[in-house]
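Single-letter residue listing:
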Amino acid sequence: MARLDLRRKLSVLADAAKYDASCSSSGTSKRNSVGGKGIGSTEGMGICHAYTPDGRCISLLKILLTNFCIYDCAYCINRVSSNVERSRFDVDEVVDLTLNFYTRNYIEGLFLSSGIIRSGDYTMEQLVLVAKTLREVHDFRGYIHLKLIPEADPKLVEMAGLYADRLSANIELPRDEALARLAPQKDVGVIKKAMSQVRLGVEAAKPGKRDKIKPPKFAPGGQSTQLIIGADGAPDTEILDRSASLYGGYGLRRVYYSAFSPIPDSSAILPLSKPPLMREHRLYQADWLMRFYGFSAPEIGEGASDGMLDLAIDPKLAWALNKREQFPVDVNRAPREMLLRVPGLGVKAVDRIVSVRRYRTLRLEDVGRLTRSVAKIRPFITALDWTPGGLTDAADLRARVTSRTPEQLSLF
């Protein structure tokens, strides 16, 4: 293979990394170099707030160490049988790129993954060495997210947690049988074992109230994972059930959803077309409901049809339209948990309502000031000067509260 210059390597390996959506960067510990020591910070705006609408962070240097891979996962563009341009960084090149990009204010941190080269242990060693060099040699205090190689020795996973802010091991597919069929070299049991190790490491690093010596930090940003949507035929309700079990079983910070994208020279066992990107968007909305609004996966599924979320309306509205007997709710009396289920009311708006109603009785106008559109809310609430009457049960309620949904554009 002809030797590629650094610019071409970056082009190839940044493009190869774009299919991994789990490049989260929130929730880590704060640190900076204000005192004149070290390089970097985890407190910049981009690191915690600069996200694209579907959850991808835009401020990280997101690359693969290499797109060479000894595995032959059918859905992966970098599989061993794929006819793509190959390249590889060495450790020093990744370190230099990270430092140079950071000092030019291009990035706030590094997201580093890799194809499997030689073995899982060797690949994980290289990833850890990048993070170790940044931390110990250059005193880099910016954000580092490492992709775990689940097959690697647990000692390497432990080392990764000591240097990285966040770790992630991708479950990849909602169904275990599909992973065995489409990625025969991967073992879901091995992946879950690595995720369990990370959870135990994170929990062990939390200092107790009586601890005089704080334990060493371990992946303070926790861990995340990714599910590919539309490659194995799993319906949305099954995907949400899988996500709920991952959150509960492994203490994940985020589950990321990535719509399957057809790749060149793909296997005949893969779908010929990609799912609509709006499906990915609805899954993110449903995931948000589970994490911040108190919904369970089965409850969200009650608003689905044949296991699929409605692409025309958001899952919260779909649930409310299916559960009209629970509405309207009184904004001056209803518990917070029920207010969170009102379409159009977000967490901040609900918390504001709960706070303000201690001192005054709310009118519809007051609620309207806290939301983008009171029209969506009116059929589901009562206030001092408002009752929806028969509007809540109107046959055309869906049409009344549904506005035109903007088209979601492709990221690639």
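Just so it is clear, the model here is predicted, and its values are computed rather than measured.

Novice: How do you make sense of the overall build of the protein chain when you look at a structure like this?
Specialist: What the protein chain contains, in helices and strands, is 15 helices and 8 strands. Counting every position in the protein chain, which comprises 412 residues, the buried fraction comes to 52%. Considering only contacts within the protein chain whose residues lie at least 6 apart along the sequence, 69% involve residues at least 24 apart.

Novice: Would you mind going over the sheet that holds strand S5 (residues 223-229) with me for this structure?
Specialist: Through backbone hydrogen bonds, the strands of a sheet pair up, either in parallel or in antiparallel fashion. The strand order S1-S2-S3-S4-S5-S6 describes an open sheet built from 6 strands, whose pairing is parallel. Each edge of the open sheet is held by one strand with a lone partner, namely strand S1 (60-64) and strand S6 (254-259). Across the sheet, the mean angle separating the axes of adjacent strands is 20° when strand polarity is ignored. Two strands pair when backbone bridges link them, and strand S4 (residues 166-168) and S5 are joined in this way by 2 bridges, in the parallel orientation. Looking at the pairing, Leu167 lines up with Gln223 of S5. Against the sheet, helix H3 (residues 91-103) contacts S1 and strand S2 (109-113), and its axis sits at roughly 160° relative to S1.

Novice: Just checking my understanding: could you explain the environment of Ser82 for this structure?
Specialist: Examined against the element boundaries, Ser82 turns out to sit in the loop between S1 and H3. In sequence terms Ser82 and Cys69 are 13 residues apart; their C-alpha atoms lie 9.7 Å from each other. There is a polar contact of 2.7 Å between the side chain of Ser82 and the backbone oxygen of Ile77.

Novice: Whenever I open this one, the pairing of strand S3 (residues 143-147) confuses me. Can you help?
Specialist: Side chains on a regular strand alternate between the two faces of the sheet. Of all 5 residues in S3, 5 are buried, a share of seventy percent or more. Alternating residues of S3 divide into Tyr143, His145 and Lys147 and Ile144 and Leu146, and every residue in both groups is buried. In this fold, S2 hands off to helix H4 (residues 120-137), which returns the chain to S3; that crossover is right-handed. With 3 bridges joining them, S3 and S4 adopt parallel strand pairing. Within the sheet, the bridge partner assigned to Lys147 lies in S4 and is Ser168.

Novice: What should I look at first to understand the packing of H4 against helix H5 (residues 154-163) in this one?
Specialist: Packed helices, taken two at a time, are described by the angle their axes make and the gap between the axes. Relative orientation of the contacting elements H4 and H5 amounts to 25°, with a least axis distance of 9 Å. The pairing of H4 with H5 is recorded here as roughly parallel in orientation. Judged by the sense of rotation from one axis to the other, the crossing of H4 with H5 is left-handed. The residues of H5 that touch H4, namely those facing Asp121, Met124, Glu125, Val128, Ala131, Lys132, Arg135 and Glu136, are Leu156, Met159, Ala160 and Tyr163. Counted by class, the contact of H4 with H5 contains 7 nonpolar, no polar and 5 charged residues.

Novice: Would you take a moment to explain the side chain of Arg324 for this structure?
Specialist: Along the polypeptide, Arg324 turns up in the loop between helix H11 (315-322) and strand S7 (329-330). The side chain of Arg324 is buried and forms no salt bridge, while Asp393, the nearest opposite charge, is found at 5.3 Å. Here the side chain of Arg324 touches Leu321 through a polar contact of 3.2 Å, landing on its backbone oxygen. In contact with Arg324, not counting residues within four places along its chain, are Thr392, Asp393, Ala394 and Leu397.

Rules behind the numbers
- Residues numbered from 1 in each chain as written.
- Predicted model: local features only at pLDDT ≥ 70, side-chain atom pairs only at ≥ 80, totals over all residues.
- Heavy atoms only, no water.
- Helix = DSSP H or I, 4+ residues; strand = E, 2+ residues; numbered from the N terminus.
- Buried < 20%, exposed > 50% of the residue type's maximum accessible area, 1.4 Å probe, protein only.
- Contact = heavy atoms within 4.5 Å.
- Pairing = 2+ DSSP bridges.
- Axes fitted to C-alpha atoms, helices over the stretch in contact; angles between N-to-C directions.
- Polar contact = N/O pair within 3.5 Å; in protein donor to acceptor, adjacent residues only side chain to side chain.
- Right-handed = clockwise from strand over helix to strand, strands pointing away.
- Parallel < 35°, antiparallel > 145°, perpendicular 65-115°, else oblique.
- Left-handed = near helix turned anticlockwise from the far one by under 90°.
- Nonpolar A, V, L, I, M, F, W, Y, C, P; charged D, E, K, R; others polar.
- Lys, Arg positive; Asp, Glu negative; His and termini not counted.
- Salt bridge = Lys/Arg side-chain N within 4 Å of Asp/Glu carboxyl O.

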